[in-house]
Amino acid sequence: MPLRSLLPLPPLSRYPARDLPADVVAAVGVCVLTVPQALAYATIAGLPPAMGLYAAAIPTIVGSLFRSSRHVIAGPTNALSLLVGAAVATGLGGDPVGVALTLALLVGVMQLAAGLLRLGSLVDYISGPVVLGYITGAGVLIGVGQLHNATGTSGPRGSLLATLEGWLPAISDASAIALGMTVGTIVVIFAIRALGRRLGQRFPGAITAMGLALGANMLLDLESHGLQVLSDLAPIPNGLPAPVLPDLSTVGVLLPVAVACTVLSLVESSAVARATASRTGQRLDASTEFAGQGLANIAAGLFGGYPISGSLARTALNERLGARSRIAGILSGLLMIGVLLSLGAVLDHTPIASLAGLLLVVAWDLLDRPRIVQTLRASRSDALAFVATTVATWTLSLDMAIYLGVGVSVVLFLRRARVLTLREMIVDDQGRWQECPLGQDCSPGRLPGVRVLQVEGPLFFGASGELVASLDAVLHTDGVHAVVLRLKRAQGMDVTIAHALAEAAQRAEADGRRLILVGLDDRMVGVLNRSGAAASFPTEHLIRMSPTRFAALGLACDIAEAFATEARQPSTVTPVPPAEAGDDA
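Predicted model only: the values in this text are computed from it and were never measured.

1. With respect to the packing of aromatic side chains
- All told, the structure shown has zero aromatic pairs when counted by the stated rule.
- One residue, Arg369, lies across the ring of Trp364, its end atom 4.1 Å from the ring centre.

Now the structure itself:
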């Protein structure tokens, strides 16, 4: 697949100048939202805060240039940052910065490869309840993980229980200043949200709360009273890091985590892009989205960032502020470079407790309570998938939780895909075909000695056992001489199904009965012929679809009735007496 076909970079000469004001406004708004989020998410990942800003600069520009969506903003996200943080905390592959850079490069290469191989539809096989379960579990972990920062305490951190067990004994040492800063940040954010709802507008609550916390710290010199700030973790240098190829010697160790990050990043990005496209009417190419997201992650690995995804909050803001094109995303990345060049020393004084307050709000927002209730009520399988994935995020490593979720999705897919629906077709008093559930008393409308079954569902190897069991039960019922199997509503046919039908026909013939297939399309006929299964059927027992409704079924029933009538006639052949002893056989 040519790379150029997947990277629809539009000529800038075609960019209409009238769109620039709207794109500039959107870019400024996105950048204002990105600064506090990037700092907070890097904190979740256990990385220097500057890496969050780096991940929202050049990678955002690259993502906006090369993906198919005009509005999606690539950058650090909460759930993905938590997964990266879990890998960093284990010490896999060396120092945290090196681990993050290598992960970003690996994720980018795998996503780019998925795009080039046109694997964009793969994310459709990861169920919504599994994604919701991971996001819900991640929300709880993010909130619990910020308890130490919110109260200005220290202690062991790790899994959900380990963090809680380490934090509870330290509550007595909580810092009043840190706790006040955390609560103040939460109050400001929710107050601004309430004001925005009342006025019918949205205001930048996160940057406002962080700005007030930063101003209060510098005005009251709270650092001298023990308030921790970003510079205590790692100062934010002015400027961008020079491009460096990450350490590739740790690829083998980090590969399992990188695969989990790749899956999560693609699921997040695809969900964001589709949600936006459904509102704007834009046509997307999933494989191009994969390739563009992959190039953005490669840029993150080369320019000091860590694995990124499509951001729901920043994308929604970009669209809401009236962005007309991908230029808005490019400009937001350029503005972030400006922030890094000029405001690093100021951002160093951002209180960590203020970021903890912001992340507690983020954790609360991740708990989509209405959707959780809907999922738990929808069906047992959906509820099981949701609960299993949620609990896995709290008890297993996060990459294993991702794999468990994918496994649950595959199992649910196979369970649903293998289920075939078989119904009996009967003729009512007006001579019309009607469906009757298999197993019920459908005798008033049955043809004498003939049973007509209709199959709905995918005819693939996983359904062969179910199909054969149902067929054999009907074929060997007393009084049944022929079975017509209507496949018009079935989808596909593989060699396993073809052989299963051939063997069923052979068993029926050995018992003096017949199996007739009707409603075959060209693909089914081709599989039957190429697999050799067609040889088990008389030619007239393989009947193709007809453009006239029920014409092919009528022909099949005529053949079946004729055979059943003949089978019911008493034999007129004179029996041969058995040979006497000594006679030649």
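2. Side note on the nonpolar core
- Leu39, Leu83, Tyr134 and Tyr306 are the most contacted members of the largest nonpolar core, which has 82 residues in total.
- Residue contacts for Leu39: discarding those within four places in its chain leaves Pro49, Leu53, Met210, Leu230, Ile236, Leu347 and Leu355.

3. Digging into the packing of helix α22 (residues 464–475) against helix α23 (residues 495–510)
- At a closest axis distance of 10 Å, the pairing of α22 and α23 adopts a crossing angle of 15°. One finds that α22 runs roughly parallel with respect to α23. Our pair here, α22 against α23, has a crossing hand that is right-handed. On α23, the residues that touch Ser464, Leu467, Val468, Leu471, Asp472 and Leu475 of α22 are Thr496, Ile497, Ala500, Leu501, Ala504, Arg507 and Ala508.
- Looking at side-chain class alone, the contact of α22 with α23 contains nine nonpolar, two polar and two charged residues.

4. A word on unusual backbone geometry
- Even without being glycine, Arg118 reaches a positive phi, approximately 55°.
- Within the secondary structure layout, Arg118 lies in the loop between α6 (96–116) and α7 (128–145).
- A relative accessible area of 34% places Arg118 in the partly exposed class.
- One non-glycine residue, Asp221, lies in the positive phi region at around 50°.
- Counting through the fold element by element, Asp221 comes out in the loop between α11 (205–220) and α12 (230–233).
- On the basis of relative accessible area, Asp221 is assigned to the partly exposed category, the value being 43%.

5. So, the side chain of Ser69
- As for its placement among the helices and strands, Ser69 is situated in the loop between α4 (58–66) and β1 (74–75).
- At 3.2 Å, the side chain of Ser69 forms a polar contact with the backbone nitrogen of His71.
- Among all residues touching Ser69, those that are not within four sequence positions of it are Gln282, Leu284, Glu289 and Arg326.

6. Digging into the pattern of salt bridges
- Applying the stated criterion to the full structure yields 14 salt bridges.
- Between Glu424 and Arg451 there is a salt bridge, with the nearest N and O atoms lying 2.9 Å from each other. Here Arg451 lies in strand β5 (residues 450–458) and Glu424 lies in strand β3 (residues 421–427), a separation of 27 residues in the sequence.
- Through salt bridges with shared partners, a single ionic network connects Arg423, Glu435, Glu456 and Arg489.

7. A short note on helix α15 (residues 312–320)
- Taken as a whole, α15 has its buried residues at Arg314, Thr315, Ala316, Leu317, Asn318 and Glu319.
- Looking at the buried positions of α15, the neighbouring elements they touch are α2 (20–44), β1, α13 (251–280) and α16 (327–342).
- Two to three positions downstream of the cap, the backbone nitrogen of Arg314 sits 3.2 Å from a side-chain oxygen, assigning the N-cap of α15 to Ser311.
- A positive phi of about 90° marks Gly322, the residue just after α15.

8. With respect to the pairing of β3
- Both β3 and β5 contribute to a ladder of four bridges, which runs antiparallel. Bridged to Thr421 within β5 is Glu456.
- As defined by bridge partners, β3 adjoins strand β4 (residues 433–437) across five bridges and the pair is classed as antiparallel. By the bridge assignment for β4, Met425 is matched with Glu435.
- The antiparallel pairing of β3 with β4 creates a hairpin that spans five residues between the two strands, and Gly431 there sits at a positive phi of about 80°.

9. Details of a nonpolar patch on the surface
- There is a patch of nonpolar side chains on the surface, built from Leu117, Leu119, Leu122, Tyr125 and Phe413 and spanning about 480 Å² of accessible area.
- By the secondary structure assignment, Leu122 is in the loop between α6 and α7.
- Looking at Leu122, the relative accessible area reads 48%, which means it is partly exposed.

10. Here we look at the confidence of the model for the chain
- Averaged over every residue, the pLDDT of the chain is 87; the share at 70 or more is 94%.
- Per-residue pLDDT stays below 50 along residues 1–5; that stretch engages in seven contacts with residues further than four places along the chain or on separate chains.
- Low pLDDT, under 50, characterises residues 579–585; the stretch is placed with zero contacts to residues that sit more than four places away or in other chains.

11. Remarks on the packing of α4 against helix α14 (residues 286–302)
- Contact pair α4 / α14: the axes reach a minimum separation of 8 Å and the direction vectors enclose 160°. As summarised for this structure, α4 and α14 are arranged roughly antiparallel, according to the angle between their axes. Handedness of the α4/α14 crossing: right-handed. Residues Ile58, Pro59, Val62, Gly63 and Phe66 of α4 pack against Thr288, Gly292, Leu295, Ala296, Ala299 and Ala300 of α14.

12. A word on the pairing of β5
- The buried count for β5 comes to seven of nine residues, which makes it a mostly enclosed element.
- As defined by bridge partners, β5 adjoins strand β6 (residues 482–486) across five bridges and the pair is classed as parallel. Within β6, the residue paired with Gln454 across the bridge is Arg486.
- Tracing the backbone out of β5, into α22 and back to the parallel element β6 gives a crossover that is right-handed.
- Here β5 pairs with strand β7 (residues 490–491) via two bridges, running parallel. The residue bridging Gly457 from the neighbouring strand is Ala490, located in β7.

Rules behind the numbers
Each chain carries its own residue numbering, running from 1 in the written order of its sequence. Where totals are concerned, whole chains, interfaces and linings use all residues; where local detail is concerned, this predicted model gives features only for residues with pLDDT of at least 70, and gives and counts side-chain atom pairs only at 80 or more. Note that the side-chain values use all heavy atoms of the structure and ignore hydrogens as well as water. The criterion for an aromatic pair is that two Phe, Tyr or Trp rings (for Trp, the six-membered ring) have centres within 6.5 Å, with stacked assigned to planes under 30 degrees apart, edge-to-face to planes over 60 apart and tilted to the rest. Our definition puts a charge over a ring when NZ of Lys or CZ of Arg is within 6 Å of the ring centre and also within 35 degrees of the ring normal. Side-chain atoms within 4.5 Å link the members of a nonpolar core, which is a set of buried Ala, Val, Leu, Ile, Met, Phe, Trp, Tyr and Cys residues. Burial classification: accessible surface area is computed with a 1.4 Å probe over protein chains only, and a residue below 20% of its type maximum counts as buried, one above 50% as exposed, and the rest as partly exposed. Contacts: residue pairs with any heavy atoms within 4.5 Å of one another. To define axes, lines are fitted to C-alpha atoms, for helices over the stretch in contact only, and angles between the resulting N-to-C directions are given on a 0 to 180 degree scale. Each helix is a run of DSSP H or I of at least 4 residues and each strand a run of E of at least 2, with the numbering of both proceeding from the N terminus. Relative orientations are named as follows: roughly parallel for angles under 35 degrees, roughly antiparallel for angles over 145 degrees, roughly perpendicular for angles from 65 to 115 degrees, and oblique for any other angle. For any helix crossing, the convention is left-handed if the near helix is rotated counterclockwise from the far helix by under a right angle, and right-handed if that rotation is clockwise. Nonpolar residues are Ala, Val, Leu, Ile, Met, Phe, Trp, Tyr, Cys and Pro. Charged residues are Asp, Glu, Lys and Arg, and all others, Gly as well, are polar. Definition of a polar contact: a pair of N or O atoms within 3.5 Å, with one able to donate and the other able to accept a hydrogen when the atoms are protein atoms, and with sequence-neighbouring residues admitted only if both atoms are side-chain atoms. Salt bridges are counted wherever a side-chain nitrogen of Lys or Arg sits within 4 Å of a carboxyl oxygen of Asp or Glu. By definition, two strands form a pair when at least two bridges between them are found by DSSP. Residues enter a patch when their relative accessible area is above 30% and they make no salt bridge; the linking distance is 9 Å between like charges and 5 Å between nonpolar side chains (Val, Leu, Ile, Met, Phe, Trp, Tyr). Using a 1.4 Å probe, accessible areas were evaluated by the Shrake-Rupley method; residue-level cover was limited to the displayed protein chains. A residue's pLDDT is the confidence the predictor assigns to it, expressed on a 0 to 100 scale. Looking down the strands as they point away from the viewer, one classifies a crossover as right-handed if the path from the first strand across the helix to the second runs clockwise.

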